[in-house]
Amino acid sequence: MTTTNQFGPNGWTPERIDSLTGKTFVITGANTGAGFQATRILLSKGAIVVMLNRNPSKSEAAIAELKKEFGDAAAVSYIRMDLAELASIRQASEQVIAQVPKIDALMCNGAIAQISTQQLTVDGFESQLGVNHYGHFLLCGLLFDRIEASQGRIVVVSSEGHKMGIRGIQFDDMNWDKNYHPNKVYSQSKLAQMMFAYELQDKVKAAGKNVKVYVCHPGASNTSLIRESASFMTRISWSFMVKIGIAQSAEKGAYPEVMCATEDSLKERAYYGPTGFMNFGGPVGEGKLESFVLNKELLTKLWALSEKETSIYWPF
């Protein structure tokens, strides 16, 4: 929780966005929840939005809803991509490069959470780490040159959950075969995303590249992130938070990532999101970036491991 906010007592809101006509945003996991609401906000300002989603029918339904709201001319489309499959990410990235001439911001929004029992992706990764971190690591690497050509941005959507596990990376057992715990594994996956982002900032600066990287979290937002794959108690606890109003709307949960994709007055070495009670909701602004997130030895080690596991070696 912060005591001051650079955007005033009400924090950042979409009213700060000028016209986005001619700007293109690529966003993962955008057919529901905060990703869908981020798409709505961007379209309302005249942007072009390309959604990278796993489910075609949900994507088509989402586009139909958006065109009903903004008209048939609304520039929204989707490319099928499953963050749990490296081959799918590679195929989708080829389509993006072929079909999307510029990327002003790549928004790494898609995620899974609180998987009650250990599940592995087709590539053999623990599912939360595979989807939330490795999937986005590969996607960002494959699209980096296209983003840089537009002097664009990468927005990493993490979670306050990154503070609630071991506050480090379990390198000796990345899949948690010996001690699987849904909350600790989710925490590691969101911490890994942040560590990737801050290491990428360092590498971009050292290489003199023209890409900005921002990190944010949505607070506690009423989305479909806590799914049927979560434990019964987790679902009950989340339902209670929603019922008593602790969880904010998915639209407000989208504010931090939209801010990071559009706002000019942000620091990169920072962590943005709601700044109210326990950072669940409240005015959007800069929060506290914990020192353990920036452990350079771990950042470097995780980057090397991520390149090896995803078989991508970045251009710097």
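Here the structure is shown first, and the text comes after it.
First things first, this report covers the structure right here in the doc.

Conventions and cut-offs
- Residues numbered from 1 in each chain as written.
- Predicted model: local features only at pLDDT ≥ 70, side-chain atom pairs only at ≥ 80, totals over all residues.
- Heavy atoms only, no water.
- Helix = DSSP H or I, 4+ residues; strand = E, 2+ residues; numbered from the N terminus.
- Buried < 20%, exposed > 50% of the residue type's maximum accessible area, 1.4 Å probe, protein only.
- Contact = heavy atoms within 4.5 Å.
- Areas by Shrake-Rupley, 256 points an atom, 1.4 Å probe, with all protein chains shown as cover.
- Expected span 1.5 Å × (residues − 1).
- Pairing = 2+ DSSP bridges.
- Right-handed = clockwise from strand over helix to strand, strands pointing away.
- Core = buried A, V, L, I, M, F, W, Y, C linked by side-chain atoms within 4.5 Å.
- Phe/Tyr/Trp six-rings, centres within 6.5 Å; stacked < 30°, edge-to-face > 60°.
- Lys NZ or Arg CZ within 6 Å of the ring centre and 35° of its normal.
- Axes fitted to C-alpha atoms, helices over the stretch in contact; angles between N-to-C directions.
- Parallel < 35°, antiparallel > 145°, perpendicular 65-115°, else oblique.
- Left-handed = near helix turned anticlockwise from the far one by under 90°.
- Nonpolar A, V, L, I, M, F, W, Y, C, P; charged D, E, K, R; others polar.
- Salt bridge = Lys/Arg side-chain N within 4 Å of Asp/Glu carboxyl O.

### A closer look at the overall build of the protein
For step 1, the next point in the chain: Helix and strand counts for the protein come out as eight helices and eight strands.
For step 2, the next point in the chain: In the protein, buried positions account for 55% of the 316 residues.
For step 3, the next point in the chain: For the protein, contacts bridging at least 24 residues in sequence account for 76% of all contacts bridging at least 6.
For step 4, the next point in the chain: Counting every atom, the protein has about 13500 Å² of accessible surface; 51% of that belongs to carbon and sulfur.

### Details of helix H5 (residues 182-207)
For step 1, the next point in the chain: Counted at 1.5 Å a residue, the expected span for H5 with its 26 residues is 38 Å, and the 37 Å between its end C-alpha atoms agrees.
For step 2, the next point in the chain: By the criterion of burial, H5 is predominantly enclosed, with 19 of the 26 residues buried.
For step 3, the next point in the chain: Following H5 by one or two positions, Gly208 adopts a phi angle in the positive range, close to 70 degrees.

### Some points on the pairing of strand E1 (residues 24-28)
For step 1, the next point in the chain: In terms of residue burial, E1 counts as a mostly covered element, since five of its five residues are buried.
For step 2, the next point in the chain: Of the two faces of E1, the one lined by Thr24, Val26 and Thr28 and the one lined by Phe25 and Ile27 are each fully buried.
For step 3, the next point in the chain: Of the pairings in the sheet, the one linking E1 to strand E2 (residues 48-53) comprises five bridges and is parallel in character. The residue bridging Thr28 from the neighbouring strand is Leu52, located in E2.
For step 4, the next point in the chain: In this region the chain leaves E1, passes through helix H1 (residues 33-44) and returns to the parallel neighbour E2; the handedness of that crossover is right-handed.

### Considerations on the nonpolar core
For soluble globular proteins, nonpolar side chains are generally found buried alongside one another.
For step 1, the next point in the chain: Judged by nonpolar contacts, the single largest core of 56 residues is most densely connected at Leu52, Ile103, Leu106, Ile154, Phe196, Leu200 and Trp314.
For step 2, the next point in the chain: Listing elements by their share of this core, those giving two or more residues are E2, helix H3 (86-99), strand E4 (105-108), helix H4 (127-149), strand E5 (153-157), H5, strand E6 (212-216) and helix H8 (296-310).
For step 3, the next point in the chain: Setting aside residues no more than four positions away along its own chain, Phe196 makes contact with His133, Phe137, Cys140, Val156, Trp303 and Trp314.
For step 4, the next point in the chain: Leu20, Ala62, Ala261 and Leu266 belong to the second-largest nonpolar core, a separate cluster that totals 37 residues.

### Here we look at the environment of Gly141
For step 1, the next point in the chain: With respect to the helices and strands, the residue Gly141 is situated in helix H4.
For step 2, the next point in the chain: Owing to a relative accessible area of 12%, Gly141 belongs among the buried residues under this scheme.
For step 3, the next point in the chain: With 166 residues separating them along the chain, Gly141 and Glu307 place their C-alpha atoms 9.4 Å apart.
For step 4, the next point in the chain: In this structure, Gly141 is in contact with Ile312 and Trp314, ignoring residues within four places of it in sequence.

### Quick word on the pairing of E6
For step 1, the next point in the chain: A large share of E6 lies buried, amounting to four of its five residues.
For step 2, the next point in the chain: Where E5 meets E6, five bridges bridge the pair, whose relative direction is parallel. Among the inter-strand pairings, Ile154 is bridged to a residue of E6, identified as Val213.
For step 3, the next point in the chain: As a crossover connection, the stretch from E5 through H5 into E6 is right-handed.

### Some remarks on the packing of aromatic side chains
We describe a pair of aromatic rings using the distance from one ring centre to the other and the angle between the two ring planes.
For step 1, the next point in the chain: For the structure shown, the criterion picks out 11 aromatic pairs.
For step 2, the next point in the chain: An aromatic cluster is defined as three or more aromatic residues linked by ring pairs; in this entry it consists of Phe137, Phe144, Phe196, Trp303, Trp314 and Phe316.
For step 3, the next point in the chain: Lying over the aromatic face of Phe171, Lys301 brings its terminal NZ or CZ to 4.5 Å of the ring centre.

### Observations regarding the side chain of Thr310
For step 1, the next point in the chain: On the secondary structure map, Thr310 appears in helix H8.
For step 2, the next point in the chain: By relative accessible area, Thr310 is classed as buried at 1%.
For step 3, the next point in the chain: Among residues more than four places away in sequence, those in contact with Thr310 are Leu86, Arg90, Tyr134, Phe137 and Leu138.

### So, the packing of H3 against H4
For step 1, the next point in the chain: Two elements in contact, H3 and H4, have axes whose closest approach is 10 Å; the angle formed by their N-to-C orientations is 20 degrees. Classified by the angle between their axes, H3 and H4 sit roughly parallel to one another. At the point where H3 passes H4, the crossing takes the right-handed sense. Residues Leu86, Ile89, Arg90, Ser93, Val96 and Ile97 of H3 pack against Gly135, Leu138, Leu139, Leu142, Leu143 and Arg146 of H4.
For step 2, the next point in the chain: Across the contact of H3 with H4, the residue classes tally to eight nonpolar, two polar and two charged.

### Some words on the pattern of salt bridges
Pairing between side chains of opposite charge can happen when the charged atoms of each approach one another.
For step 1, the next point in the chain: Under the criterion given, the structure shown has 11 salt bridges.
For step 2, the next point in the chain: A single network of salt bridges, built from pairs that share partners, joins Glu199, Asp202, Lys203, Arg269 and Lys296.

### As for the packing of H4 against H5
A pair of packed helices can be characterised by two numbers: the angle between their axes and the separation between those axes.
For step 1, the next point in the chain: In the contact formed by H4 and H5, the axes pass within 7 Å of each other and the chain directions differ by 20 degrees. Taken together, the axes of H4 and H5 lie roughly parallel to each other. Note that H4 runs across H5; the crossing there is right-handed. Between H4 and H5, the contacting residues are Gln128, Leu129, Asn132, His133, His136, Phe137, Cys140 and Phe144 on the first element and Pro182, Val185, Tyr186, Gln188, Ser189, Lys190, Ala192, Gln193, Phe196, Leu200 and Val204 on the second.
For step 2, the next point in the chain: For the contact of H4 with H5, the per-class residue count stands at 11 nonpolar, seven polar and one charged.

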